[in-house]
Amino acid sequence: MLEVDGVCAGYGRAQVLFDVSVRAESGAVTCVMGRNGVGKTTLLNTVAGLLPATAGRVVLDGADITRARPHRRVRDGIGYAPQGHGTFAPMTVAENISVAREAAGRAGPEAVEEALELFPRLRPLLDRRAGFLSGGQAQQLAIARALVTAPKLLVLDEPTEGIQPSIVAEIEEVIRTVAERGVAVLLVEQYMDVALRLADEVAVIDAGRVVHSGPRTSLEDGEAQKLIAI
Ligand SMILES: Nc1ncnc2c1ncn2[C@@H]1O[C@H](COP(=O)(O)OP(=O)(O)OP(=O)(O)O)[C@@H](O)[C@H]1O
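Residues numbered from 1 in each chain as written. Predicted model: local features only at pLDDT ≥ 70, side-chain atom pairs only at ≥ 80, totals over all residues.

- The name recorded for the chain in an unreviewed UniProt entry is ATP-binding cassette domain-containing protein, from Nocardiopsis suaedae.
- Quoted verbatim from the Sequence similarities (unreviewed entry) heading of the UniProt record, the comment on the chain is "Belongs to the ABC transporter superfamily." (UniProt positions renumbered as here; feature names shortened; annotations may be inferred.)

1. Points about the overall build of the chain
- Across its full length, the chain holds eight helices and 10 strands.
- Principal-axis analysis of the C-alpha atoms gives the chain an extent of 45 × 35 × 30 Å.
- Here the chain, with 230 residues, has 43% of them falling under the buried criterion.
- Put simply, of all contacts in the chain between residues at least 6 apart along the chain, 69% involve residues at least 24 apart. (Helix = DSSP H or I, 4+ residues; strand = E, 2+ residues; numbered from the N terminus. Buried ≥ 20, exposed ≤ 12 C-beta atoms within 10 Å, placed from the backbone. Contact = placed C-beta atoms within 7 Å.)

2. With respect to the site of the ligand
- Lining the immediate environment of the ligand, one finds Tyr11, Ala14, Val16, Gly34, Asn36, Gly37, Val38, Gly39, Lys40, Thr41 and Thr42.
- Broken down by secondary-structure element, the contributors of at least two residues to the shell around the ligand are strand E2 (14–24) and helix H1 (40–48).
- A per-element tally of the shell around the ligand places H1 first, with three residues.
- A class-by-class count of the residues in the shell around the ligand yields four nonpolar, six polar and one charged. (Near = placed C-beta within 6 Å. Nonpolar A, V, L, I, M, F, W, Y, C, P; charged D, E, K, R; others polar.)

3. Some thoughts on the sheet that holds E2
- As summarised here, the arrangement of the four strands in space is E2-E1-E4-E5, forming an open sheet in which the pairing is antiparallel. Each edge of the sheet is formed by a strand with only one pairing partner; in this case those strands are E2 and strand E5 (63–64).
- Of the strand pairs in this sheet, strand E1 (residues 2–11) and E2 are connected by seven bridges, and their pairing is antiparallel. Counted as the bridge partner of Leu2 is Ala24 from E2. (Pairing = 2+ DSSP bridges.)

4. Some words on the sheet that holds strand E3 (residues 29–33)
- Ordered in space as E6-E7-E8-E3-E9-E10, the six strands form an open sheet in which the pairing is mixed. Of all the strands in the sheet, just strand E6 (78–81) and strand E10 (209–215) have a single pairing partner and so form its edges. Neighbouring strand axes in the sheet, compared pairwise and without regard to direction, differ in orientation by 15° on average.
- Pairing geometry for strand E9 (residues 201–206) and E10, over six bridges, is antiparallel. Residue Ala203 lies in a different strand from E10, and its bridge partner there is Ser213.
- The strands touched by H1 are E3, E6, strand E7 (153–157), strand E8 (184–188) and E9; relative to E7, the strand with the most contacts, the crossing angle is about 150°.
- Most of the contacts of helix H5 (residues 135–147) go to E6, to which it runs at about 170°, and overall it touches E6 and E7. (Axes fitted to C-alpha atoms, helices over the stretch in contact; angles between N-to-C directions.)

5. With respect to the packing of H5 against helix H6 (residues 165–180)
- Closest axis-to-axis distance for the H5/H6 pair is 10 Å, and the angle between their directions is 10°. As judged from the angle between their axes, H5 and H6 are roughly parallel. Residues Gly136, Gln139, Gln140, Ile143 and Leu147 of H5 form the contact with H6, whose own contacting residues are Ile167, Ile171, Val174 and Val178.
- Among the residues forming the contact of H5 with H6, the class breakdown is six nonpolar, three polar and no charged. (Parallel < 35°, antiparallel > 145°, perpendicular 65-115°, else oblique.)

6. Topic: unusual backbone geometry
- The backbone of Asp19 sits at a positive phi, close to 55°, despite the residue not being glycine.
- When you line up the elements, Asp19 lands in strand E2.
- Phi is positive for Asp61, close to 55°, though the residue is something other than glycine.
- Structurally, Asp61 is set in the loop between strand E4 (55–60) and E5.

7. Digging into the nonpolar core
- Ranked by internal contacts, the top residues of the largest apolar core, which has 71 residues, are Val32, Val47, Leu153, Val155, Val185, Leu186 and Leu187.
- Per-element accounting of this core gives the leading share, seven residues, to H5.
- Setting aside anything within four residues of it in sequence, one finds Leu187 in contact with Val29, Thr30, Cys31, Val32, Leu156, Ile175 and Leu198. (Core = buried A, V, L, I, M, F, W, Y, C linked by C-beta atoms within 7 Å.)

8. Observations regarding the environment of Ala89
- Here Ala89 shows up in the loop between E6 and helix H3 (93–104).
- Each C-alpha atom of the pair Ala89 and Gly131 lies 4.0 Å from the other, and the pair is 42 residues apart in sequence.
- Not counting chain neighbours up to four residues away, the residues in contact with Ala89 comprise Arg129, Ala130 and Gly131.

Rendered as structure tokens:
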């Protein structure tokens, strides 16, 4: 579904990603791991089109989208829940969700109901402004906003960071359900226990390069774990 092929990217003269190749298949969770500052968010921003790739290709469903703008990528089927949620604080939960659905132009109004079935805790909060949500609620809203775009590829940046364990379990359940429905999930995750529960495939980044990739079971290897340990 997604092929990131030999991508380089960075900020001004500071190159962050070096020849990065990662794939995410439909119906599977691909987990990108690595220590702080190694380039995980930079990779996701390059996939979402928020940061240009200076070399290499991003291919979605066989189409080269390397130069496509972010809104085009949403319409092509990339749903992104960025780190720090990226929700509109002054807007209500309901407005956040409907704006995301309408902007994507991929799904009908029934997508909102489907997202609320996955995140029932959001239902009583529909009239609350997003800026007044707890961290866990805001994260659920961020994922719901990505889901109402009816993505083929769901991109999540550390969705369990700083969130209480009961909500983490609910978010994990949604990620699993979405993958089982055939969506490709590309997930940045720092916590080994979460990755071991969710990932089908893993890619470990260190200093802007992919230094390990393979099935989840390859994470049991001590060498792979050393690359992630803080
Ligand atoms: N907007 C920016 N301008 C300049 N440098 C940046 C910018 N965003 C990130 N960087 C730098 O790029 C490098 C990679 O950052 P990135 O956020 O991709 O790492 P990360 O692996 O996602 O880390 P974290 O787990 O802390 O989010 C870091 O050295 C960071 O300081």
